[in-house]
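Structural overview for review
So you can see what is in the structure, the chains are spelled out below.
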Amino acid sequence: MGDVKLAFIVTKPPYKSENPKLAATHAMAYQTVEILLEEGQTVTPALCYVGDGVLNCLKGQKAMEQYGITSTETHLKNCLLVDLDVYVCKEDLEKFGISEDMIVDAEDMGAEKKIQVVPFETIKKVIEDANHLLYF
Amino acid sequence: MGTLTIGIFSSLVGSMNYDFALKLAEAALEKGHKVNLWFSGNAAGSPKKNQKHLKDYSHGETPLRKLMEKGLEVCTCEACTLARGIQKPDAIEGVQWNAMHWYLAKIHGSDRVLHIGGE
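Notes on the structure follow.

Cut-offs and rules
Residues numbered from 1 in each chain as written. Chains lettered and ligands numbered in written order. Predicted model: local features only at pLDDT ≥ 70, side-chain atom pairs only at ≥ 80, totals over all residues. Helix = DSSP H or I, 4+ residues; strand = E, 2+ residues; numbered from the N terminus. Rg over C-alpha atoms; globule rule 2.2 N^0.38 Å. Buried ≥ 20, exposed ≤ 12 C-beta atoms within 10 Å, placed from the backbone. Contact = placed C-beta atoms within 7 Å. Core = buried A, V, L, I, M, F, W, Y, C linked by C-beta atoms within 7 Å. Pairing = 2+ DSSP bridges. Axes fitted to C-alpha atoms, helices over the stretch in contact; angles between N-to-C directions. Right-handed = clockwise from strand over helix to strand, strands pointing away. Nonpolar A, V, L, I, M, F, W, Y, C, P; charged D, E, K, R; others polar. Parallel < 35°, antiparallel > 145°, perpendicular 65-115°, else oblique. Left-handed = near helix turned anticlockwise from the far one by under 90°.

**Concerning the overall build of chain B**
Across its full length, chain B carries 4 helices and 5 strands. Here the C-alpha radius of gyration of chain B, 13 Å, is about what a compact globule of 119 residues would show, namely 14 Å. Dimensions of chain B, computed from C-alpha atoms along their principal axes, come out at roughly 35 × 30 × 25 Å. Buried positions account for 44% of the 119 residues belonging to chain B. At a minimum sequence separation of 6, the contacts of chain B that also span at least 24 residues come to 75%.

As structure tokens, this is what we get:
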């Protein structure tokens, strides 16, 4: 198989556990996986935030100040910078009263990609299209 | 025969996820499948050798060594493991150390993937 599509589904809030961060860092590893693959083989990840997981996408995180660790916000910015597709569930954002202007972007780093606020139906389609599902 | 890749993110002690992952790997190996095992997150603390087998706690070292003898390929996330204070000389021999792209590459070549998230 040439390209393998992976759906990373994040349902847990940030900092309560390490998992949401690991979803972003594992997805980002698609940038270097080719050193272990044959020519023509690729991995295409999609990073999706649903349920409590949408809280990972809030901008203004103070993880470095509070915990002395890289924030999930910074990891998300890096994901956008390497053109990774990042989706956040519109309905779940609305449940938390989070508006789109409160979502992380990486414009300050020069990223063209943005987190895509999409209906859950779109995330279901991403899952259906994926070869493998990684649930964090 | 197929290839199964298991990603385990739970700690050795604290849930039965790790035990389940090893038992599943054993069952798949016995059926003749190729099995890859990836440790990340709290599971990256599990390659530490010289584990004492106390009856009240899950024990990973002995079964892991036996499964590697049967062909199980195991890799731990180097950064996750070092962050937990485990250096390569402290680790179970035969466990590979690599970055997260190892997991993605094994997934690429797998028929099935079972991703067991952490706590």
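**Here's the deal with the nonpolar core**
All names here are of chain A. Core analysis: the biggest nonpolar cluster contains 67 residues, and Phe8, Leu47 and Cys48 have the highest contact counts within it. No other element matches strand 1 (residues 3–10), which puts 6 residues into this core. Not counting chain neighbours up to four residues away, the residues in contact with Cys48 comprise Ala7, Phe8, Ile9, Val10, Tyr87, Ile123 and Val126.

**Thoughts on the sheet that holds strand 4 (residues 116–118) of chain A**
In sheet architecture, strand pairing relies on hydrogen bonds along the backbone and comes in two forms, parallel and antiparallel. Across the sheet, 5 strands lie side by side as 4-3-2-1-5 (chain A); this open sheet has parallel pairing. Single-partner strands in this sheet number two, and they are strand 4 and strand 5 (132–135) of chain A. When the angles between neighbouring strand axes are averaged without regard to direction, this sheet yields 25°. Looking at chain direction, strand 3 (residues 85–89) of chain A and strand 4 of chain A are connected through 3 bridges and run parallel. Among the inter-strand pairings, Cys89 of chain A is bridged to a residue of strand 4 of chain A, identified as Val118 of chain A. Helix 4 (residues 101–108) of chain B contacts strand 1, strand 2 (42–49) and strand 5 of chain A of the sheet and is inclined by roughly 125° relative to strand 1 of chain A.

**Regarding the pairing of strand 1 of chain A**
All names here are of chain A. Burial within strand 1 is extensive, with 6 of its 8 residues counted as buried. Handedness of the crossover is the feature at issue here: the chain leaves strand 1, passes through helix 1 (residues 19–28), returns alongside strand 2, and the resulting connection is right-handed. The pairing of strand 1 with strand 5 spans 4 bridges and is classified as parallel. Residue Ile9 lies in a different strand from strand 5, and its bridge partner there is Tyr135.

**A look at the interface of chain B and chain A**
In this assembly, 17 residues from chain B lie in contact with 20 residues from chain A. Counting only elements with at least two residues in the side of chain B that touches chain A, the list comes to helix 4 and strand 5 (112–116) of chain B. Examining the composition of the side of chain B that touches chain A, we find that 7 residues originate from one element, helix 4 of chain B, more than from any other. Of the residues assigned to the side of chain B that touches chain A, the class counts are 9 nonpolar, 7 polar and 1 charged.

**Here we look at the sheet that holds strand 3 (residues 73–77) of chain B**
All names here are of chain B. Sheet architecture is open: 5 strands sit in the order 4-3-2-1-5, paired in parallel fashion. The open sheet is flanked by strand 4 (96–98) and strand 5, the only strands paired with a single partner. Put simply, the sheet's adjacent strands are angled 20° from each other on average, direction ignored. Pairing of strand 1 (residues 3–8) with strand 5, which is carried by 5 bridges, proceeds in the parallel orientation. The residue bridging Gly7 from the neighbouring strand is His115, located in strand 5. With respect to the sheet, helix 1 (residues 17–30) is in contact with strand 1, strand 2 (34–39) and strand 5, its orientation differing from that of strand 1 by roughly 170°.

**Considering the packing of helix 1 of chain A against helix 3 (residues 72–81) of chain A**
Residue and element names in this part refer to chain A. Helix 3 packs onto helix 1 with a crossing angle of 20° between their chain directions and a minimal axis gap of 10 Å. Between helix 1 and helix 3, the angle is such that the two are roughly parallel. In the packing of helix 1 onto helix 3, the handedness of the crossing is left-handed. Across the interface between the two elements, Pro20, Lys21, Ala24, Thr25, Ala27 and Met28 of helix 1 pack against Thr72, His75, Leu76, Asn78 and Cys79 of helix 3. When grouped by side-chain class, the residues that make up the contact of helix 1 with helix 3 number 6 nonpolar, 4 polar and 1 charged.

**So, the environment of Lys12 of chain A**
Residues and elements named next belong to chain A. Mapped onto the elements of the fold, Lys12 is located in the loop between strand 1 and helix 1. Residue Lys12 is classed as buried on the basis of its C-beta count, with 22 C-beta atoms lying within 10 Å. Measuring from C-alpha to C-alpha, the distance between Lys12 and Asp52 comes to 5.5 Å, with 40 residues separating the pair along the chain. With residues up to four places along the chain from it excluded, the contact list for Lys12 reads Ser17, Asn19, Pro20, Asp52, Gly53 and Phe136.

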